[in-house]
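Inside the fold
Here is what each chain is made of, one letter per residue.
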Amino acid sequence: KMSPDELVYLGILASSIPVGFLFRQLSPPVKQCAALLLGLTITIATCGIHTLHSLCTVLGTWLIITFNWRNAPSLSLGWTFLYLLFFRLATWFGLPSPGPFANAIQLLLTLKMVSLANEVQSYHSEKKKDVSTFSKSPVIGGLSRQPSLYDIISYSYCYIGIMTGPFFRYKTYEDWLEQPDAVSLPGKEPCVLRLKMVPVYGALFLIANSYFPLSYVRTEEFLDHNYFFRFFYMVVIFFVFRMRFYAAWCGAEAGCISAGLGCYPQGALSKPGGGPTVQYSLDPGAPVEYDFKTIQNIDCYNTDFCVKVRHGMRYWNMTVQWWLHHYIYPNAPFKAYALRAGWTMLISAYWHGLHAGYYLSFLTIPLCIAAETSMEASVRARLGPGGQKAFDWVHWFLKMRAYDYMCMGFVLLKASDTLHYWSSIYFIIHIIALLCILFGRVMGGGKGDRRKAREGEKEVKRDETVREKAE
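Residues numbered from 1 in each chain as written. Predicted model: local features only at pLDDT ≥ 70, side-chain atom pairs only at ≥ 80, totals over all residues. Heavy atoms only, no water.

This part is about the overall build of the protein. Scanning the protein from terminus to terminus reveals 21 helices and 2 strands. Its C-alpha atoms give the protein a radius of gyration of 23 Å, near enough to 23 Å, the size a compact globule of 471 residues would have. With respect to the three principal axes, the spread of C-alpha positions in the protein is 60 × 50 × 45 Å. Expressed as a percentage of the 471 residues in the protein, the buried residues total 51%. Counted over contacts in the protein with a minimum sequence separation of 6, partners at least 24 positions apart contribute 74%. Each charge sign in the protein was given a centre, from 44 positive and 33 negative side chains, and these centres are 6 Å apart. (Helix = DSSP H or I, 4+ residues; strand = E, 2+ residues; numbered from the N terminus. Rg over C-alpha atoms; globule rule 2.2 N^0.38 Å. Buried < 20%, exposed > 50% of the residue type's maximum accessible area, 1.4 Å probe, protein only. Contact = heavy atoms within 4.5 Å. Lys, Arg positive; Asp, Glu negative; His and termini not counted. Charge placed at Lys NZ, Arg CZ, Asp CG, Glu CD.)

Spelled out as structure tokens, the structure:
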């Protein structure tokens, strides 16, 4: 059975799809105003007085980029993340506690405001370079002008993905407004393609959730079951978790597709969240193939079937992963890949909330990454093709169990509940990860192991490059 909040989410998602096709008919100024009014209506109707939280965040960011664009990225990150803390501790200040809808809007708005500050800084920096060199150097995905307060508010409260995502940059929003012939762009076919599995995901979510409720894990009766039942339960819980988000995010992407948001020629080599990565020009009369990679938030197949823990993150909540990779990971105060990943996961946990379960789960990821890097360098590299294939199957199985395990912290939220469940299966994933690291060191042997570990990290970077080229 779905909760009232989930039904509201479903209603907003479902209605956004047919509404999107209507927006293709509108001129840029009308489209901007209508998208703002619809987004504000949704926000005020679901959040009420808590709408003021998002408005304060927007106005604070506007002041930062207006009066100090040079330091806007760091200042906006500090401002929005500090406001998130105030938002979550509102009751400490005698204010009413914001509901789940206000929380969803605040989370996405935080991403938008930090991204906007970076885009504005890049715009001014390139503008200064153009003046000093007397030549115009086109910037891929760069702004053509500084957004006004009206533009920023319109972007912040645009109805598309206002609660469910995906995240998109201001430049993507600006390109959407200025589409010359939105009606002729692909819409119905890619929309249907994205929606075709949603009923299956939704049905699987409802069925599995009814037979394996999360609340059962918190009961004393749960501990009376044997170890294998307790272990299997986390597998089903993560399955329920995935089906829920697969359905929601595929529906949210369909809402973007119907409106034409994030539609670029395939030659632009767009990235989820970021948009085009190369300059592109359309040849008059030549057929053009379009895609919606810019607003792709989930790759269901690769989430389930990619081999590595580090790759699993990239196919899940992809637009947010792009945001983390571009605005958090490069500024991490560490050089080692595992530590930089740990820093990024810490920031991600804070963005999600203050519940201890988030931190226990997210900070387990670097341990798993270190374990798989150690085993790849010390074991897989020594195997033949057949052995590597067998290794990858075992690796995939352990990757899925690691995400099952970490999901429990994400959904149980409390440290006591998370540790209570993990202890019931004897902290099995933590133990396996530590044993893999230890085994990798023994197999590698001192300096040789460190050399292989460095080779493993180089392989990580090669994997990233190959994956980006493939996309």
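So that's the structure; there's more coming.
Once that is clear, we can look at the packing of helix H1 (residues 4–23) against helix H11 (residues 227–259). For the pair H1 and H11, the least separation of the axes is 7 Å and the interaxial angle reads 25°. The orientation of H1 relative to H11 falls into the category roughly parallel. In the packing of H1 onto H11, the handedness of the crossing is left-handed. Contact residues: H1 offers Glu6, Leu13, Ser16, Ile17, Gly20 and Phe21, while H11 offers Arg244, Ala248, Gly251, Ala252, Ala254, Gly255, Ser258 and Ala259. (Axes fitted to C-alpha atoms, helices over the stretch in contact; angles between N-to-C directions. Parallel < 35°, antiparallel > 145°, perpendicular 65-115°, else oblique. Left-handed = near helix turned anticlockwise from the far one by under 90°.)

Attention now goes to the packing of helix H3 (residues 51–67) against helix H6 (residues 149–156). At a minimum axis separation of 10 Å, H3 and H6 run at an interaxial angle of 140°. Judged by the inter-axis angle, H3 sits oblique to H6. Crossing hand, H3 versus H6: right-handed. Taking contact as the criterion, the partners of Val58, Leu59, Trp62 and Ile65 in H3 are, on H6, Leu149, Ile152, Ile153 and Ser156.

What the rule picks out here adds up to 0 disulfides. Here Cys47 is not cross-linked by a disulfide; its sulfur's nearest cysteine counterpart is in Cys56, at 14 Å. Among the cysteines around Cys306, which has no disulfide bond, Cys300 carries the closest sulfur, lying 12 Å off. (Disulfide = S-S within 2.5 Å.)

Another point: the pattern of salt bridges. On inspection of all chains with the given rule, the structure shows 13 salt bridges. Arg244 is paired through a salt bridge with Glu6; the nearest N and O atoms lie 3.5 Å apart. Residue Arg244 is located in helix H11, and its partner Glu6 is located in helix H1; the two are separated by 238 residues in the primary sequence. For Glu6, a relative accessible area of 17% puts it in the buried group. A salt bridge links Glu376 to Arg310; its shortest N-O distance comes to 3.4 Å. With Glu376 in helix H17 (residues 365–378) and Arg310 in helix H13 (residues 309–314), the pair connects residues that are 66 residues apart, well separated along the chain. For Arg310, a relative accessible area of 1% gives the class buried. Salt bridges sharing common partners tie together Lys308, Arg310, Glu372 and Glu376. (Salt bridge = Lys/Arg side-chain N within 4 Å of Asp/Glu carboxyl O.)

On the surface, Leu419, Phe427, Ile431, Leu435, Leu438 and Val442 cluster together into a nonpolar patch covering about 530 Å² of accessible area. Looking at the nonpolar patch, the element that brings in the most residues is helix H20 (residues 428–444), giving 4 residues. Within the secondary structure, Leu438 is located in helix H20. (Patch = residues over 30% accessible without salt bridge, like charges linked within 9 Å, V, L, I, M, F, W, Y side chains within 5 Å. Areas by Shrake-Rupley, 256 points an atom, 1.4 Å probe, with all protein chains shown as cover.)

On the secondary structure map, Asp291 appears in strand S2 (residues 290–291). For the buried Asp291, no salt bridge is present, and the opposite-charge side chain at shortest range is Lys293, 5.9 Å distant. A polar atom in the side chain of Asp291 sits 3.3 Å from the backbone nitrogen of Lys293. Look past the residues within four positions of Asp291 in its chain and what remains in contact with it is Gly262, Cys263, Tyr264, Gln266 and Ser270. (Polar contact = N/O pair within 3.5 Å; in protein donor to acceptor, adjacent residues only side chain to side chain.)

Here we come to unusual backbone geometry. In this model, Gly165 is joined to Pro166 through a cis peptide bond whose omega is 5°. Residue placement: Pro166 occurs in the loop between H6 and helix H7 (170–177). Unlike most non-glycine residues, Leu269 shows phi in positive territory, near 50°. Positionally, Leu269 belongs in the loop between strand S1 (264–265) and S2.

This part covers the nonpolar core. If you look at the biggest cluster of nonpolar residues, it comprises 114 residues, and the most contacted ones within it are Trp176, Trp323 and Tyr421. With 17 residues, the single largest contributor to this core is H11. Those residues in contact with Tyr421 that sit more than four places away from it in its chain are Val217, Phe222, Arg230, Phe231, Met234, Met408 and Leu412. With 7 residues, the next largest nonpolar core counts Met375, Val379, Phe391 and Ile437 among its residues. (Core = buried A, V, L, I, M, F, W, Y, C linked by side-chain atoms within 4.5 Å.)

This paragraph deals with the packing of aromatic side chains. Given two aromatic rings, one states the distance between the centres and the angle between the planes to describe the pair. On inspection of all chains with the given rule, the structure shows 44 aromatic pairs. Put simply, the rings of Tyr201, Phe238, Phe241, Phe245, Tyr246, Trp249, Trp316, Tyr358, Phe362, Tyr403 and Phe410 touch in pairs and so form one group of aromatic residues. (Phe/Tyr/Trp six-rings, centres within 6.5 Å; stacked < 30°, edge-to-face > 60°.)

In this model, helix H15 (residues 337–352) (16 residues) spans 22 Å end to end at C-alpha, consistent with the 22 Å of a helix rising 1.5 Å per residue. The buried count for H15 comes to 12 of 16 residues, which makes it a mostly enclosed element. All buried positions along H15 are accounted for by Tyr337, Arg340, Ala341, Gly342, Thr344, Met345, Ile347, Ser348, Ala349, Tyr350, Trp351 and His352. (Expected span 1.5 Å × (residues − 1).)

Right, let's get into the environment of Ser76. Looking at the element boundaries, Ser76 is found in helix H4 (residues 72–88). Sequence spacing of Ser76 and Gln296 is 220 residues, and the spatial spacing of their C-alpha atoms is 25 Å. Not counting residues up to four positions away in its chain, the partners in contact with Ser76 are Ile64, Met113, Val114 and Ala117. In this structure the side chain of Ser76 is engaged in a polar contact, spanning 3.0 Å, whose partner is the backbone oxygen of Pro73.

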